[in-house]
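# Understanding the architecture of this molecule
In case you want the letters, here they are:
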Amino acid sequence: MTKPLFETVALIGIGLIGSSLARVIRAKGLAGEVAIATRSAETLEAARALGLGDSYFGSNAEAVAKADLVIVSVPVGASEAVAREIGPHLKPGAIVTDVGSTKASVVRQMQPHIPDTAHFVPGHPIAGTEQSGPQAGFAELFEGRWCILTPPAGTDAGAIARLAEFWEACGSTVEEMDPDHHDLVLAIVSHLPHIIAYNIVGTADDLEAVTKSEVIKYSASGFRDFTRLAASDPVMWRDVCLHNKDAILEMLARFSEDLSSLQRAIRWGDGDKLFELFTRTRGIRRSIVEAGQDTDAPNFGRNAPKTDAAE
Ligand SMILES: NC(=O)C1=CN([C@@H]2O[C@H](COP(=O)(O)OP(=O)(O)OC[C@H]3O[C@@H](n4cnc5c(N)ncnc54)[C@H](O)[C@@H]3O)[C@@H](O)[C@H]2O)C=CC1
Ligand SMILES: O=C(O)C(=O)Cc1ccc(O)cc1
């Protein structure tokens, strides 16, 4: 086995993403030692039972003391609390990163607590599923996926390169981006689809005539795809909405305008307009498939083993 990229990696938060990292680190020998801390004692015990790490800590501060790389994988609303706890205990030269789905807010929350002696390089793997918890992770999650890094100006280039090397070893392709740009792009390609899914499933559930058994019985694959997204973790997605508020509201405004236009076309029987839009969007799907970005739905969970939580 080749030399590990990092002597000790600390994983703060051991849910879907943290546990997938633990598994790929072990599978590819990317660290000499993996230290794990998470908020609840129950989750820590679950991680221990799954054998995800080498050492387990009830305190985030204790877990980072020896670490060369610290990866924070918690809901974005918990980022500041975690940074405040770990900041004073970081080893000089340590790299601190995160995996949060929003970036500008995470930078605002964490950066003030990271000492100058450490390197802060925020990140976001564009890889996940609707599941959560330490049982849900799998080593192949990051394979063939993008990982976006949003280092603040002036970040040590060597630290960025080492983190990029880590993500590449996990199977990802790394891109650098400005945090605000990241938040705008992700608002339309990831956050809005989830919000729309939560909304349509909620609307269907509210309609007495098609509730419960009929929603399940007659749901065609289109609606089923929405129910998968709408089964995503409520804490995580509450935090994404609260912490990428401006970009999401901007994209929702655009979305509502376009939806009104579609509504008008249906009301006035404007078949040409409907045909033009549906033809254009079909082309977009085809170009995604041709680019090898998608094989078949559901895209993001393609390698996920079936677990009870998935049912
Ligand atoms: N689920 C997904 O598909 C993806 C999620 N992300 C991001 O990754 C992060 C983690 O998400 P998941 O792993 O899916 O969530 P999860 O719910 O599976 O795991 C979250 C973990 O954080 C722990 N935690 C919460 N507050 C904490 C605190 N103060 N200190 C220590 N641990 C704490 C929980 O105990 C749990 O182990 C989120 O920021 C999310 O936006 C990024 C890409 C994909
Ligand atoms: O399950 C899906 O379809 C996803 O979209 C997973 C996902 C969720 C959040 C992210 O920040 C990145 C990927």
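Now for a quick tour of the structure. Only a predicted model underlies this, so the values are computations on that prediction, with no experimental measurement involved.

### Some points on the pairing of strand β2 (residues 31-37)
Judged by how many residues are buried, β2 sits mostly within the fold: five of seven residues are covered. Where strand β1 (residues 6-12) and β2 come together, six bridges link them in parallel fashion. Bridge pairing in β2 places Phe 6 opposite Ala 31. In terms of handedness, the path from β1 via helix α1 (residues 16-28) over to β2 forms a crossover that is right-handed. In this fold, β2 hands off to helix α2 (residues 41-49), which returns the chain to strand β3 (residues 55-57); that crossover is right-handed.

### Looking at the sheet that holds strand β7 (residues 123-125)
Taking strand neighbours across the sheet as the criterion, the three strands line up as β7-β8-β9 in an open arrangement whose pairing is mixed. Each of the sheet's edge strands pairs with one partner strand only, and the pair in question is β7 and β9 (173-176). Averaged over all neighbouring strand pairs, the angle between strand axes comes to 20°, with direction disregarded. Relative to strand β8 (residues 146-149), β7 runs antiparallel, the two being bridged by three bridges.

### Digging into the state of the cysteines
A complete count under the given rule lists zero disulfides for this structure. Distance from the sulfur of Cys 170, which forms no disulfide, to the nearest cysteine sulfur (Cys 147) is 8.4 Å. When its relative accessible area of 0% is taken as the criterion, Cys 170 is described as buried.

### What to know about the packing of aromatic side chains
For the coordinates displayed, the defined rule picks out three aromatic pairs. Taking the centre distance of 5.1 Å and the plane angle of 80° together, the rings of Phe 142 and Trp 167 count as edge-to-face. Linking Phe 142 in the loop between β7 and β8 with Trp 167 in helix α6 (residues 157-169), this pair joins segments that are 25 residues apart in sequence. Here Trp 167 falls in the buried class, since its relative accessible area comes to 0%. The interplanar angle of 75° and the centroid separation of 5.7 Å between the aromatic rings of Phe 166 and Trp 167 together place this pair among those described as edge-to-face. Each member of the pair, Phe 166 as well as Trp 167, is classed as buried. A network of ring pairs unites the aromatic residues Phe 6, Phe 142, Phe 166 and Trp 167 as a single cluster.

### Observations concerning the site of ligand 1
In the vicinity of ligand 1 lie 27 residues, with Leu 16, Ile 17, Val 74, Ser 101 and Gly 133 positioned nearest. Thr 129 places a polar main-chain atom, nitrogen or oxygen, 3.2 Å from an oxygen atom of ligand 1. Contact with the protein chains hides 91% of the accessible area of ligand 1, taken as 830 Å² for the molecule alone. Secondary-structure elements contributing two or more residues to the shell around ligand 1 are α1 and β7. Residue composition of the shell around ligand 1, by class: 13 nonpolar, 13 polar and one charged.

Rules behind the numbers
- Residues numbered from 1 in each chain as written.
- Chains lettered and ligands numbered in written order.
- Predicted model: local features only at pLDDT ≥ 70, side-chain atom pairs only at ≥ 80, totals over all residues.
- Heavy atoms only, no water.
- Buried < 20%, exposed > 50% of the residue type's maximum accessible area, 1.4 Å probe, protein only.
- Helix = DSSP H or I, 4+ residues; strand = E, 2+ residues; numbered from the N terminus.
- Pairing = 2+ DSSP bridges.
- Right-handed = clockwise from strand over helix to strand, strands pointing away.
- Axes fitted to C-alpha atoms, helices over the stretch in contact; angles between N-to-C directions.
- Disulfide = S-S within 2.5 Å.
- Phe/Tyr/Trp six-rings, centres within 6.5 Å; stacked < 30°, edge-to-face > 60°.
- Near = heavy atom within 4 Å.
- Polar contact = N/O pair within 3.5 Å; in protein donor to acceptor, adjacent residues only side chain to side chain.
- Areas by Shrake-Rupley, 256 points an atom, 1.4 Å probe, with all protein chains shown as cover.
- Nonpolar A, V, L, I, M, F, W, Y, C, P; charged D, E, K, R; others polar.

Spatial relationships are all this shows, so hold off on functional conclusions.
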